[in-house]
Amino acid sequence: MTHLPSKRSIELLRSVLITAAIGLLWLVPFSEAFAWDPASFAQTLGEAQADYQGAKFGAALQRYSALESELTAALSAGEIPDDQKERALMALDVIRYQIGRCHQNENHCHEAHDAFLSFGDFSALNPELRTKLQVRLSEVHMCLAEEALASGDLALALNESEEASKLTQLVVLDESSDPQFSVSLATTRSKQDEIGQSVIAQVGSVVHQKLDAEDCEAARSKIVWAKNDLNLDTAKLEEETTIRCPVPPSWTAYAPIALMGTGGVLGLTAVILEVANSADVSELDDARDACLAGLTTHCEHALDLASAVDSQRTTTGVLVGLGVATAGAGLVWWLLQDDPGEAASLSILPSQQGATLAYRTQW
């Protein structure tokens, strides 16, 4: 059975390699004019490594930070021989990486994030260091996501989780990669699922609290926010909210009935006018008969009555046409209003015969 090296043995191996790399710097003879002390530097590095291995991450961080400043200053001042600059830069990368790891182990998420980003463009780094940074930075983003979730900033939690996901997709592991990296990537993906589930649970909890308090408007507002800002699937919450908080019907729900009622009123008005007009028709017949019998005084009255009757019949016809059209429009609207897949428009246009109903529908 193959046994994977423990995390402690891996870190110990790294410690040996770092010490050996830095040791090369002070084994090379230096001019006495140089301000920095390679021997002291190597000693401090050994102490930093000892602190790190002993889980004294705070003390190790202080030493690594001092070493970073010292080596950076030496490089800037030209105190490192040209043939040693490449090794010095490699040593500086190792120290900066350890600084980020110390922050990680101290749960300093933001500081670790900044430390790893100090390397700049990852694509310019050697593949081994790039892989390490991608793995560690994905861990840091999950740390930031958990902090955001704990503080109630759900949008930030999801955003940090997404950043972690992007980094894990970039990681390319091979046989030389640290076995712990595979474990780390699996853990990060698992935490992503937990973050997503926790966010959904928190949103659901708030919505249920609003529903229990019968604050339907606040519940709907929270659902809209979760759907639009967090891109969550809120179908179940929407369904539950609809059941517990039915949406009052809008005025359009009553419009078809109102139209049919209006058509009925117009029709009834036409009937009343027609009944009232019947008396004028009877009087017109009497006046016309008298005029034809030679009573010329009734002729002018008959003409006046004929004009009035014609006007009343026109009005009655218009009212009947409008009543039928309006009632018909309301009936069609009522029949179609429950079908969201149909779009219909209705219009009533006056005409010489009364009114014209224009109906347009689209499936």
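Parameters and conventions
- Residues numbered from 1 in each chain as written.
- Predicted model: local features only at pLDDT ≥ 70, side-chain atom pairs only at ≥ 80, totals over all residues.
- Heavy atoms only, no water.
- Phe/Tyr/Trp six-rings, centres within 6.5 Å; stacked < 30°, edge-to-face > 60°.
- Helix = DSSP H or I, 4+ residues; strand = E, 2+ residues; numbered from the N terminus.
- Buried < 20%, exposed > 50% of the residue type's maximum accessible area, 1.4 Å probe, protein only.
- Disulfide = S-S within 2.5 Å.
- Axes fitted to C-alpha atoms, helices over the stretch in contact; angles between N-to-C directions.
- Parallel < 35°, antiparallel > 145°, perpendicular 65-115°, else oblique.
- Left-handed = near helix turned anticlockwise from the far one by under 90°.
- Contact = heavy atoms within 4.5 Å.
- Nonpolar A, V, L, I, M, F, W, Y, C, P; charged D, E, K, R; others polar.

Colleague: Help me get a handle on the packing of aromatic side chains, residues and values and all.
Modeller: A complete count under the given rule lists two aromatic pairs for this structure. Judged by centre distance (6.0 Å) and plane angle (45°), the rings of Tyr 97 and Phe 116 are tilted. A residue pair is termed long-range when its members are at least 10 positions apart, and Tyr 97 in helix 4 (residues 85-105) and Phe 116 in helix 5 (residues 109-117) qualify at 19 residues. By relative accessible area, which is 3% here, Tyr 97 ends up buried.

Colleague: Go over the state of the cysteines with me, naming the residues and quoting the values.
Modeller: The final tally for this structure, using the stated rule, is two disulfides. Paired through a disulfide, Cys 109 and Cys 143 show a sulfur-sulfur distance of 1.7 Å. Here the residue Cys 109 occupies a position in helix 5, and Cys 143 occupies one in helix 6 (residues 127-151), the gap between them amounting to 34 residues. The exposure class assigned to Cys 109 is buried, which follows from its relative accessible area of 3%. Paired through a disulfide, Cys 216 and Cys 245 show a sulfur-sulfur distance of 2.0 Å. Looking along the S-S bond of the Cys 216-Cys 245 disulfide, the torsion reads about -70°, which is the left-handed sense. Here Cys 245 lies in the loop between helix 10 (235-244) and helix 11 (251-292) and Cys 216 lies in helix 9 (residues 216-228), a separation of 29 residues in the sequence. Cys 245 sits in the buried class, given a relative accessible area of 4%.

Colleague: Tell me about the packing of helix 2 (residues 38-53) against helix 3 (residues 57-76), and name the residues and values.
Modeller: In the contact formed by helix 2 and helix 3, the axes pass within 8 Å of each other and the chain directions differ by 155°. Taken together, the axes of helix 2 and helix 3 lie roughly antiparallel to each other. The handedness of the crossing between helix 2 and helix 3 comes out as left-handed. Contact with helix 2, carried on its side by Phe 41, Thr 44, Leu 45, Glu 47, Ala 48, Gln 49, Asp 51 and Tyr 52, involves Phe 57, Ala 59, Ala 60, Arg 63, Tyr 64, Leu 67, Glu 70 and Leu 71 of helix 3 and no other residues of that element. Here the contact of helix 2 with helix 3 is built from residues that sort into 10 nonpolar, two polar and four charged.

Fair warning: the whole summary comes from geometry, so function is off the table for now.
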